[in-house]
Amino acid sequence: MKQPVRVAITGAAGQIGYQLCFRIAAGDMLGPDQPVVLQLLEITPALGALEGVVMELKDAAFPLLADVVATDDANVAFKDADYALLVGAKPRGPGMERADLLAENGKIFGPQGRALNDHASRDVKVLVVGNPANTNALIAQAAAPDLDPRNFTAMTRLDHNRALAQLAEKTGRHHASIKKMIIWGNHSSTQYPDIRFAESEGEGLAAGVDTGWYRDSFIPAVQQRGAAIIKARGASSAASAASSAIDHIRSWALGTPDGDWVSMAVPSTGAYGIEPGIIYSYPCVCEGGNYRIVEGLDVDEFSRERMDATEAELREEREAVASLL
Ligand code: NDP
């Protein structure tokens, strides 16, 4: 059996955290031969609920669960962490402007970045799920000057998976057969789900669907899927968000299949003319625990417009938190 790795989860007693803990302990994220230590962070008022999560984790007797740490101290939660899933975030309150939301979250993600900088493994792989995820990742990264900036990523895999599901339904293909989906940009309603390269069993899918459906139905459906789930379920998506976070880390750690890629929000290198440094979702190939942006794809006029619009939003978000960077 391998040595255990340390997985930190923030907001671990929340909806998404509650799903994540059990899936990770079951081996869904890092494989059936990789023991894990879960290092769970919550705010002090939620420590009681977190204790309940720890009790259930113990009761489930997962063979791969080597230990569980529950704490309200980020320095403890991130100690030697190999993976950090930053889920806990401040939700938007009534009447709150986006700038206020960004500033409030800066107070969470700045200190967490510093704690990662001071205590985590030098190779820690950080995934930010808590919204506004891309800019929260940027804030955490800025507070961690001793870590490689590439270690900080944000989640657009749920959007990627949602896009696969929508295209599968339209084309009658199974979602698992569809490769080369792309989400560009921000995990927000400006994201650009791009099916131009999508294929199933070697066959391109874009030519088979009507452009009107793609532009007027598919793109808004993916962008607004979160709101549709809240309307239907009376609560925000949690199991699918946790599942996609697991997919993101699994791809990054264990690799992407040949001939496919995944969408990850990563520090822009300037690829596709996007402002360097912002955390922008790109198609990425993963291998040997590293990711690289897929470069050289064709960008048509419609795509350019969409890619630039979501980039503009990320630049504005960066402006709004400039004092924290
Ligand atoms: P959830 O577990 O449902 O959501 C957590 C975060 O994930 C939110 O910011 C949410 O954004 C975001 N998110 C990203 N993608 C999705 C998606 N597709 N669907 C739903 N959510 C998504 O929130 P809870 O309120 O249940 O739990 C949050 C926990 O975090 C609480 O237990 C709280 O105590 C804790 N917390 C911990 C902190 C810490 O560890 N320092 C700091 C702050 C909170 P959105 O709001 O936009 O849906």
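Conventions and cut-offs
- Residues numbered from 1 in each chain as written.
- Predicted model: local features only at pLDDT ≥ 70, side-chain atom pairs only at ≥ 80, totals over all residues.
- Heavy atoms only, no water.
- Helix = DSSP H or I, 4+ residues; strand = E, 2+ residues; numbered from the N terminus.
- Rg over C-alpha atoms; globule rule 2.2 N^0.38 Å.
- Buried < 20%, exposed > 50% of the residue type's maximum accessible area, 1.4 Å probe, protein only.
- Contact = heavy atoms within 4.5 Å.
- Areas by Shrake-Rupley, 256 points an atom, 1.4 Å probe, with all protein chains shown as cover.
- UniProt positions renumbered as here; feature names shortened; annotations may be inferred.
- Near = heavy atom within 4 Å.
- Polar contact = N/O pair within 3.5 Å; in protein donor to acceptor, adjacent residues only side chain to side chain.
- Nonpolar A, V, L, I, M, F, W, Y, C, P; charged D, E, K, R; others polar.
- Domains from an automatic or database assignment.
- Axes fitted to C-alpha atoms, helices over the stretch in contact; angles between N-to-C directions.
- Parallel < 35°, antiparallel > 145°, perpendicular 65-115°, else oblique.
- Left-handed = near helix turned anticlockwise from the far one by under 90°.

> Go over the overall build of the protein chain with me, naming the residues and quoting the values.
Of regular secondary structure, the protein chain possesses 10 helices and 14 strands. For the protein chain, the C-alpha radius of gyration of 19 Å lies close to 20 Å, the compact-globule estimate for 325 residues. Taking the principal axes of the C-alpha coordinates as reference, the protein chain spans close to 50 × 45 × 40 Å. Out of the 325 residues belonging to the protein chain, those deemed buried represent 53%. The long-range share in the protein chain, meaning contacts at least 24 apart out of those at least 6 apart in sequence, stands at 72%. If you sum the accessible surface of the protein chain, you get close to 13800 Å²; carbon and sulfur atoms cover 49% of it.

> Tell me about the UniProt feature "binding site: substrate" (unreviewed entry) in the protein chain, and please be specific about residues and values.
Under the feature "binding site: substrate" (unreviewed entry), the UniProt entry names R92, R98, N131 and R162. Spatially, the listed residues are scattered: they cover 71 residues, and their C-alpha atoms lie as much as 24.7 Å apart. Relative to the helices and strands, R98 resides in helix α4 (residues 98–119). Beyond its immediate sequence surroundings of up to four residues, R98 is in contact with R92, E313, E316 and E317. Inspection of the secondary structure assignment puts R162 in helix α6 (residues 157–171). With a relative accessible area of 11%, R162 lands in the buried category. For R162, the residues in contact, after removing those within four places along its chain, are V222, R225, G226, I229 and S237.

> Please set out the site of the ligand residue by residue, giving values where relevant.
In the region of the ligand, 24 residues are neighbours, and Q15, I16, E42, L158 and S237 sit closest. A distance of 3.2 Å separates a nitrogen atom of the ligand from a polar side-chain atom of Q112. The protein chains hide 76% of the 910 Å² of surface that the ligand would expose on its own. The residue makeup of the shell around the ligand, split by class, is 11 nonpolar, 11 polar and two charged. When residues of the shell around the ligand are assigned to domains, at least three map to each of domain 1 (5–154) and domain 2 (156–321).

> Go over the UniProt feature "domain: Lactate/malate dehydrogenase N-terminal" (unreviewed entry) in the protein chain, please, and point to the residues and values.
In this structure's numbering, the residues bearing the UniProt feature "domain: Lactate/malate dehydrogenase N-terminal" (unreviewed entry) are residues 5–152. Taken end to end, residues 5–152 is 41% helix and 19% strand, and its two terminal C-alpha atoms sit 18 Å from one another.

> Account for unusual backbone geometry, naming residues and giving values.
The phi torsion of most residues other than glycine is negative, and most of the peptide bonds are trans. In this structure, P132 follows N131 across a cis peptide bond, with omega equal to -5°. Along the polypeptide, P132 turns up in the loop between β5 (125–128) and α5 (133–142). For A61, which is not a glycine, the phi torsion comes out positive at approximately 50°. Turning to its location among the elements, A61 is positioned in the loop between α2 (47–59) and β3 (65–71). Backbone geometry places E201, a non-glycine residue, at a positive phi of 45°. Its place among the elements puts E201 in the loop between β10 (199–200) and β11 (203–204).

> Describe the packing of helix α1 (residues 15–25) against helix α9 (residues 239–254), listing the residues and the values that go with them.
Running from amino to carboxyl end, α1 crosses α9 at an angle of 45°, the nearest separation of the two axes being 8 Å. As judged from the angle between their axes, α1 and α9 are oblique. Judged by the sense of rotation from one axis to the other, the crossing of α1 with α9 is right-handed. Listed contacts from α9 to I16, Q19, L20, R23 and I24 of α1 are A239, A241, A242, S243, A245 and I246. Taken together, the residues that form the contact of α1 with α9 break down as eight nonpolar, two polar and one charged.

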